[in-house]
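So the chains spell out like this:
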Amino acid sequence: MLNTILGALLPMVVTFLLGYMAAWRHDFGSKDASTLNRMVLRYAVPLALFAGTVMTSRAALSQDIPLVITLCIAIIGFYCVVFLISRFIFRMQVSTSALAALTASAPAVPFVGPAVLGDLLGGLSAIPIAAASLVINLTVVPITILLLSLDSTGRNPQTNTPVPEEQENSASPRSNAAVFAGKIAETLKEPMVWAPILAFIVVLCGFRIPQLFVHSLSLLGHASGGVALFACGIVLASGKIKVNRNILLFVFLKNIMQPALVLCGLRWIGYRNPVVSEAVLTTAIPTMPIVIMLALRYGIAQDEAASSVFLSIMGSLVTMGIFIALTH
């Protein structure tokens, strides 16, 4: 069990630290992190999402409906709750609240799911990996991008500070509607958004993409997780690891609260293994490194995002072991 966890999660920690060391040695700087970020968001991640989604069959998605419903509630529902708490209780900006919600709700299944769940669940891992990846890529990631994009309209692009309220209120309802429609159009143009949607349509239509073509796309896609973590280390080295109440709270929500609620909810309803172990271990995976990529892209809470991902990965070495013991 310990070897499985270390084998899946330790490479993430090592890659993160390599990025940190590379920046500390001045081999890479913050500008390099931005370049790597652009490559990951525009090419590597979209290719990985398309290849991973298009290889999922309709039969696999419909094979275990309770598991799919559970993951939808656990990810989408948790995202909404954390966003509302961040926005209206902690009084965070919309963009920061969206990043916090993504941090607390989206496990890094598309990046480390096959390595972690493949060893733990064997052949059963295909369904939770496919279901969780589709839920994340088709819902919370596009929503986060849209919220980040919308919030950027209320900020000065030169200083990243809020636009004066008088200037913001002077816009007519028609112009606000046009801005909103424009931001939706921009969001849909993002490769990270339309690539998994296109792949999902292909799956629903029952088309089969040749394996040779899918593997060709996967070559660069496989680099997405490692490059994202490496860039995360660069960002962290240019700033500092922050440990405050909010960061610890969101890491606690992701690593402990989300899988604990799934475990208690399924047990209370009366479900047993393998559904319980599949759902709990899927949500117990640490948060996605794409949080840092989006923070870099929009210039929002970069140090907080990098620190949250790092602490989530480090903490998962312990928390995943606990949930493995509770579900086996």
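Residues numbered from 1 in each chain as written. Predicted model: local features only at pLDDT ≥ 70, side-chain atom pairs only at ≥ 80, totals over all residues. Heavy atoms only, no water.

**Focus: the packing of helix H14 (residues 275–283) against helix H16 (residues 302–327)**
Consideration 1: H16 packs onto H14 with a crossing angle of 175° between their chain directions and a minimal axis gap of 10 Å. Classified by the angle between their axes, H14 and H16 sit roughly antiparallel to one another. Contacts between H14 and H16 involve Val276, Ser277, Val280 and Leu281 from the former and Met320, Phe323, Ile324 and Thr327 from the latter.
Consideration 2: When the residues that make up the contact of H14 with H16 are grouped by side-chain class, the tally is six nonpolar, two polar and no charged. (Axes fitted to C-alpha atoms, helices over the stretch in contact; angles between N-to-C directions. Helix = DSSP H or I, 4+ residues; strand = E, 2+ residues; numbered from the N terminus. Parallel < 35°, antiparallel > 145°, perpendicular 65-115°, else oblique. Contact = heavy atoms within 4.5 Å. Nonpolar A, V, L, I, M, F, W, Y, C, P; charged D, E, K, R; others polar.)

**Side note on unusual backbone geometry**
Consideration 1: If you check the backbone angles, His26 has positive phi at about 65° while not being a glycine.
Consideration 2: With respect to the helices and strands, the residue His26 is situated in the loop between helix H1 (2–24) and helix H2 (30–54).
Consideration 3: Phi angles above zero are rare outside glycine, and Arg91 is one such case at about 60°.
Consideration 4: Locating Arg91 in the fold gives a position in the loop between helix H4 (65–89) and helix H5 (94–105).

**Regarding the packing of aromatic side chains**
Consideration 1: Here the structure, examined in full by the defined rule, presents two aromatic pairs.
Consideration 2: Aromatic side chains Phe16 and Phe310 sit 4.7 Å apart centroid to centroid with 40° between the ring planes, which places their arrangement in the tilted category. You can see Phe16 sitting in helix H1 and its partner Phe310 sitting in helix H16, a full 294 residues away along the chain.
Consideration 3: By relative accessible area, which is 1% here, Phe16 ends up buried.
Consideration 4: For Phe310, a relative accessible area of 13% gives the class buried.
Consideration 5: Aromatic pair Phe28 and Phe230: ring centres 5.4 Å apart, planes at 85°, arrangement edge-to-face. You can see Phe28 sitting in the loop between H1 and H2 and its partner Phe230 sitting in helix H12 (residues 224–238), a full 202 residues away along the chain.
Consideration 6: A relative accessible area of 33% places Phe28 in the partly exposed class. (Phe/Tyr/Trp six-rings, centres within 6.5 Å; stacked < 30°, edge-to-face > 60°. Buried < 20%, exposed > 50% of the residue type's maximum accessible area, 1.4 Å probe, protein only.)

**Re the side chain of Asn137**
Consideration 1: Assignment of secondary structure puts Asn137 in helix H7 (residues 126–152).
Consideration 2: By relative accessible area, Asn137 is classed as buried at 3%.
Consideration 3: Engagement of the side chain of Asn137 in a polar contact is seen with the backbone oxygen of Ser133, the distance being 2.9 Å.
Consideration 4: Contact partners of Asn137, with chain neighbours within four places excluded, come to Leu49, Thr53, Pro110, Pro142 and Pro196. (Polar contact = N/O pair within 3.5 Å; in protein donor to acceptor, adjacent residues only side chain to side chain.)

**Describing the packing of H4 against H14**
Geometrically, a packed helix pair is captured by the angle between its two axes and the distance between the axes.
Consideration 1: The interhelical angle for the contact between H4 and H14, taken along N-to-C directions, is 30°, at an axis separation of 10 Å. Looking at the two axes, H4 sits roughly parallel to H14. Considering how the two elements wind past one another, H4 and H14 form a crossing that is right-handed. On H14, the residues touching Leu67, Thr70, Leu71 and Ala74 of H4 are Val275, Glu278, Ala279, Thr282 and Thr283.
Consideration 2: Looking at the contact of H4 with H14 residue by residue, the class counts come to five nonpolar, three polar and one charged. (Left-handed = near helix turned anticlockwise from the far one by under 90°.)

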